[in-house]
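Chain by chain, the residues run as shown.
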Amino acid sequence: MYKPFHLVPANTRFDFMRFHKPAFLLSVIMVIGSIVLIFTKGLNYGIDFAGGVLMEVQSKQEQVVDLGALRGKLDGLEIGEITLQTFGAENTVLIRIPQQPGGDQATQQAVAKLKATLGDQWDYRRTETVGPKVGEELKSSAVWASLLAILGIMGYVWFRYEWQFGINAVLALIHDCVTTVGLFALTGMEFNLTTVAAVLTIAGYSVNDTVVIYDRIRYDMRRYKTMAIKDLINLALNSTLSRTTVTSGLTLLSVLALALFGGEVIRGFSIAMIWGIVIGTYSTICVAAPLLIYMHLHRIRGKEPTDPKSKGDTAAQQGA
Amino acid sequence: MLQFSKFKVTIILGIILLGIIFSAPNLVPSDKLASLPGWVPKTVVSLGLDLQGGSHLLYEVDTAKFLNERLDSVVNDIRDKLTKGQTKFGYLNLGASNGTVSLTLRDPNQIDAARPLLQQATTDMDLQIGSDGKVTAKYTDETLRRLKAQLIEQSIEVIRKRIDQTGTKEPTIIRQGEDRIVVQLPGVKDPEHIKDLIGKTAKMTFHMVDEAAEVSGQPAPTDMVAKVRNPKSDGAVQLIVQKLPLLSGQNLTDAQQSFEGGGQPVVAFKFDNIGAKKFGQATAQNVGKRFAIILDGEIITAPVIKDAILGGSGIISGSFTVQSAQDLALLLRAGALPADLTVIEERTVGADLGADSIEAGKKACLIAIVLIVVAMLVLYGFFGLIANVALVLNAILIFAGLSALGATLTFPGIAGLVLTLGMAVDANVLILERVREEMRNGRSPVTAMEAGYREAQGTIIDANATHVIATLFLFEFGSGPIKGFAITLLIGVVTSFFTSVYVTRLLTSVWLRRARPKLLPL
């Protein structure tokens, strides 16, 4: 019978912990950089949050649309600053109109004006309008969903693990989510509802990945009661390395398929997910696991049977 | 590991069978589906508007304006009752503001006499009369709620009638929150036209033109100025008409587009019995004078009455096109909206883009599956094959779940499906890596398998639980397409746990019992 190929050889002995300090530094820089970018450069909010009009139109005649000529045609409409961008194909254009000062009714009139000017030379593939009130509501519900999801995950990890694990898992999760949002600020990719869905999925994935390693660390802690915590973490990371590589690789493959073949509409989502899987795997190995050495894990180990107090103390000394 | 109770095996096979039965209708063309026997489940996964094309419209009903109008009519009623009855009452500051009608009776001694009249005028309101003659009336919270609910209810009714008349199939029209209505129109070709039809209030009234009044002067209190729509080059831009309408669109029983003698498109209408009688009387008394037909505040026509119109039917002519005459006839048949509507959110996707999205989604899905299947075969050989069987079953079960729940598959939902398939094999990877480890520790095939499943199970549950939590909140707060994403992920997490833990375990145990291998090919 076919003897399968082992992607990662058995019994690797990488010293992951050796790199944990530069990794921490890198992570801190990425998180702070992301926050600075989010607050200075800001996010390119899509109409879901900013309100306004988004239209995807496709020329019925031209193979390549002359954006300059189209702009000239639309500039006289006086409906605010119109942005034009080819979308996927050369004959497809994404038109954005900002929120109209006159409110919802003015927005509808702007759409009607735009359609009247463009005429029937175009296929209207997509029309989305979001009024100011709805935009605000979508924003606040996105914020609530994110906060509650993070709290919920935190609660679960808290309940299933000791608090030290819980805090680290959530730190890693926040690290992943913040840098994902930071990526959107850096690249100026549109930030919309689908992006929020991606961020929350990344949150789930990030903790999922962390939980697998933590389970292993706990398991090894029970098996090797006297091993230094640093070595324990290395051991757990090495023994799950094959799984980490395979799972991340396969998930990455399927998201790559989405990014390459899934079309223009969900490209932002796919790119966010690619980043999320890479950063989620990195943060598990380089942030969530190594952070444990700074937590006083002796309490957990102290819970083991036979003379909890003395055992706990030795473990703490070894771990320090 | 080897032991699977008959009961467990039956349950597992039963779930798989149900999965196949419930997902199968998705493969049958819809025209053939109807001819199948009754016991076959026929619900298929419904495609979201972003995939099949169509419009999602969120309307806000102007409840404030509606309530103000109601208060205004209460004010008018009070004025009539206090001044036109046998006893006249003197009052000050009669008016409505901030949802409250107020006035002050000049003579506090008249309070007792005025009370029954005021009560009549403010039946469902909370009426307060002070001893100094100060009167206030406002709606109680409960009444306000009821009025708003009725208003939304009536609006939905009118919207439904209008949409039905356009021939749009399977529209969804539901209330959302306090004062909003969601309208979903799958597969609609010309969303602007339908939006136009839904958005029109279509309040039609018939008024006599006050020929004596000066157009430039201040109109008398019983008169009002109305703009003429499409005024003729030699005609008036506005007319002065009597405020009180003779009749309204409510008295109509039918309206149809037809043609005048000259071939001009017109709208022919019929009154009900009461309307016909009133219209007959009014036209008989006013031969030679003009009456105006006002639609949403604008005069569409103001013809001269040549004869008494007794048959209860007539035509409206007013420089219509065939389309606009048809639209007006439709609006008149469906009735007027009780309040103004504004679109506050619109998501329209053309059928072409929807079809493109389905194609792209299918392609991404297939490529992802092929990549995963090949990778699992290369990495885990025979057990990879078992995991792949589970993966395919998982896809079937996800579709069965979506069908059985009547859930909607959206474009982000397809992305969720792809993602789920990628993550679903994680459980098998965890188990198989664990088994490899146990084998290295010198365990026999059966005990290594046993340990693999036992040790990995807790981790798999923890890892999936975090996903469920994140997804639940996404489902709770997300809108349309995002909800589709969340529901696909949710179903996927549950089904993948079943297939990648129970199904693979059953298959592996059957193989172990048959083959009794000395070494696992892993």
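Parameters and conventions
- Residues numbered from 1 in each chain as written.
- Chains lettered and ligands numbered in written order.
- Predicted model: local features only at pLDDT ≥ 70, side-chain atom pairs only at ≥ 80, totals over all residues.
- Helix = DSSP H or I, 4+ residues; strand = E, 2+ residues; numbered from the N terminus.
- Rg over C-alpha atoms; globule rule 2.2 N^0.38 Å.
- Buried ≥ 20, exposed ≤ 12 C-beta atoms within 10 Å, placed from the backbone.
- Contact = placed C-beta atoms within 7 Å.
- Core = buried A, V, L, I, M, F, W, Y, C linked by C-beta atoms within 7 Å.
- Pairing = 2+ DSSP bridges.
- Axes fitted to C-alpha atoms, helices over the stretch in contact; angles between N-to-C directions.
- pLDDT = per-residue confidence, 0-100.
- Domains from an automatic or database assignment.
- Parallel < 35°, antiparallel > 145°, perpendicular 65-115°, else oblique.
- Left-handed = near helix turned anticlockwise from the far one by under 90°.
- Nonpolar A, V, L, I, M, F, W, Y, C, P; charged D, E, K, R; others polar.
- Expected span 1.5 Å × (residues − 1).
- Bend = angle between axes of the 7 residues up to and from the residue.

Attention now moves to the overall build of chain A. Tallying secondary structure elements over chain A gives 12 helices and 6 strands in all. In terms of overall dimensions, chain A is more spread out than a globule: its C-alpha atoms have a radius of gyration of 25 Å, far above the 20 Å expected for 320 residues. Considering only C-alpha atoms, chain A reaches an extent of 80 × 50 × 30 Å along its principal axes. The buried share of chain A, reckoned over its 320 residues, is 46%.

Broken down by element type, chain B carries 13 helices and 19 strands. Dimensions of chain B along its principal axes, counting C-alpha atoms only, are 110 × 70 × 40 Å. When contacts within chain B are restricted to residue pairs at least 6 apart in sequence, those whose partners lie at least 24 apart make up 70%.

With 204 residues, the main nonpolar core has A:Ala203, B:Ala292 and B:Val418 as its most contacted residues. For this core, the leading source of residues is helix 10 (residues 351-404) of chain B, giving 21 residues. If we skip the residues at most four places from it in the chain, A:Ala203 touches A:Ala149, A:Ile150, A:Ile153, A:Leu173, A:Cys177 and B:Ala470. Residues B:Leu71, B:Ala121, B:Ala137 and B:Tyr139 belong to the second largest nonpolar core, which totals 15 residues.

So, about the sheet that holds strand 14 (residues 265-271) of chain B. All names here are of chain B. The 3 strands lie next to each other as 13-14-17, forming an open sheet whose pairing is antiparallel. Here the strands that pair on one side only, and so sit at the sheet edges, are strand 13 (252-259) and strand 17 (313-316). Strand-to-strand twist of the sheet, defined as the mean angle between neighbouring strand axes without regard to direction, takes the value 25 degrees. Inspection of the sheet shows strand 14 paired to strand 17 by 4 bridges, in the antiparallel sense. The residue bridging Ala-268 from the neighbouring strand is Ile-315, located in strand 17. Sitting on the sheet, helix 9 (residues 322-334) is in contact with strand 13 and strand 14, with an inclination near 170 degrees to strand 13.

Now for the pairing of strand 14 of chain B. All names here are of chain B. In terms of burial, strand 14 is largely enclosed, as 5 of its 7 residues are buried. Pairing analysis gives 7 bridges linking strand 13 to strand 14, with the strands arranged antiparallel. Its bridge partner being in strand 14, Ser-258 is matched across the sheet by Val-266. The antiparallel pairing of strand 13 with strand 14 creates a hairpin that spans 5 residues between the two strands, and Gly-263 there sits at a positive phi of about 85 degrees.

Summing up the model confidence of chain B, the mean pLDDT is 88 and the portion of residues at 70 or higher is 98%. Confidence metrics for the complex model read pTM 0.83 and ipTM 0.85.

When its domains are assigned, chain B resolves into domain 1 (6-53 + 351-515), domain 2 (64-140) and domain 3 (204-319). Computed over C-alpha atoms, the centres of domain 1 of chain B and domain 2 of chain B are 67 Å apart.

Residue and element names in this part refer to chain B. In this structure, Asn-98 takes a positive phi of about 50 degrees despite not being glycine. With respect to the secondary-structure elements, Asn-98 resides in the loop between strand 3 (91-97) and strand 4 (100-105). Its identity is not glycine, yet Glu-170 carries a phi of approximately 50 degrees, on the positive side. The class for Glu-170 is exposed, based on 10 C-beta atoms found within 10 Å.

Any two packed helices are characterised by the angle at which their axes cross and by the distance between the axes. Residues and elements named next belong to chain A. Contact geometry of helix 9 (residues 241-261) with helix 10 (residues 267-291) gives a least axis separation of 9 Å together with a crossing angle of 170 degrees. Taken together, helix 9 and helix 10 sit at an angle that is classed as roughly antiparallel. The hand of the helix 9/helix 10 crossing is left-handed. Side by side, helix 9 and helix 10 meet where Thr-244, Ser-248, Thr-251, Leu-252, Val-255, Leu-256, Leu-258 and Ala-259 of the first sit next to Arg-267, Ser-270, Ile-271, Met-273, Ile-274, Ile-277 and Thr-281 of the second. In terms of residue class, the contact of helix 9 with helix 10 is made up of 9 nonpolar, 5 polar and 1 charged.

On to the sheet that holds strand 7 (residues 172-176) of chain B. One open sheet accounts for 8 strands, arranged 3(A)-4(A)-2(A)-5(A)-18(B)-2(B)-8(B)-7(B); its pairing is antiparallel. The outermost strands of the open sheet, each flanked by one partner alone, are strand 3 (83-87) of chain A together with strand 7 of chain B. With strand direction ignored, the average angle separating the axes of adjacent strands in the sheet is 20 degrees. Running at roughly 45 degrees to strand 18 (residues 341-349) of chain B, helix 4 (residues 104-118) of chain A makes contact with strand 2 (52-59), strand 4 (89-97) and strand 5 (122-130) of chain A together with strand 18 of chain B of the sheet.

What follows concerns the interface of chain A and chain B. Every contact between the two is made by 64 residues of chain A and, on the other side, 65 residues of chain B. Among the secondary structure elements, those contributing two or more residues to the side of chain A that touches chain B are helix 4, strand 5, helix 5 (132-160), helix 7 (193-223), helix 9 and helix 10 of chain A. For the side of chain A that touches chain B, the residue count by class is 34 nonpolar, 18 polar and 12 charged. Bridge count between strand 5 of chain A and strand 18 of chain B: 5 bridges; the pairing is antiparallel. Residue pairing in the sheet places A:Glu128 in a bridge with B:Arg347 of strand 18 of chain B.

Quick look at the confidence of the model for chain A now. As a note on interpretation, predicted positions should not be read in detail where pLDDT is low. Residues and elements named next belong to chain A. Across chain A, the average pLDDT comes to 86, with 92% of residues at or above 70. Across chain A, the secondary-structure element scoring lowest on mean pLDDT is helix 12 (residues 308-319), at 40, and the one scoring highest is helix 1 (residues 20-40), at 95. Segment residues 299-320: pLDDT under 50, and 29 contacts once partners within four positions in sequence are set aside and those in other chains are kept.

So, about helix 11 (residues 411-440) of chain B. All names here are of chain B. In a regular helix each residue adds 1.5 Å, so 30 residues correspond to 44 Å; helix 11 covers 45 Å between its end C-alpha atoms and thus fits that length. Of all 30 residues making up helix 11, 29 are buried, and the element is well covered by its neighbours. Two residues or fewer after helix 11 comes Gly-442, characterised by a positive phi angle close to 90 degrees.

Another point: the packing of helix 6 (residues 141-166) of chain B against helix 9 of chain B. Residues and elements named next belong to chain B. Between helix 6 and helix 9, the least distance of the axes is 9 Å, while the angle of their chain directions is 140 degrees. Considering their axes alone, helix 6 and helix 9 lie oblique with respect to each other. In this structure, the crossing between helix 6 and helix 9 has a hand that is right-handed. Note on element contacts: helix 9 touches helix 6 through Leu-330, Leu-331, Arg-333 and Ala-334, opposite Val-158, Lys-161, Arg-162 and Gln-165. Of the residues that constitute the contact of helix 6 with helix 9, the class distribution is 4 nonpolar, 1 polar and 3 charged.

Moving on, we get to the domain arrangement of chain A. When the parts of a complex come together, some accessible area is lost, and that lost area is often taken as the interface size. The assigned domain composition of chain A is domain 1 (16-43 + 135-319) and domain 2 (52-130). For domain 1 of chain A and domain 2 of chain A, the distance between their C-alpha centres works out to 41 Å.

Next up on the list: helix 10 of chain B. All names here are of chain B. Between its first and last C-alpha, helix 10 extends only 26 Å over 54 residues, short of the 80 Å set by a 1.5 Å rise per residue. Of all the bends in helix 10, the greatest measures close to 145 degrees and is centred on Tyr-380. Once helix 10 ends, the next one or two residues include Gly-406, with phi positive near 65 degrees.

Here we come to the environment of B:Glu60. All names here are of chain B. For Glu-60, the position within the fold is in strand 2 (residues 54-61). C-beta crowding within 10 Å serves as the criterion here: with 22 such atoms nearby, Glu-60 is assigned to the buried category. Taking the C-alpha atoms as reference, Glu-60 lies 26 Å from Phe-473; in sequence the two are 413 residues apart. Filtering out sequence-adjacent residues up to four positions away, Glu-60 remains in contact with Asp-179, Arg-180, Thr-342 and Ile-344.

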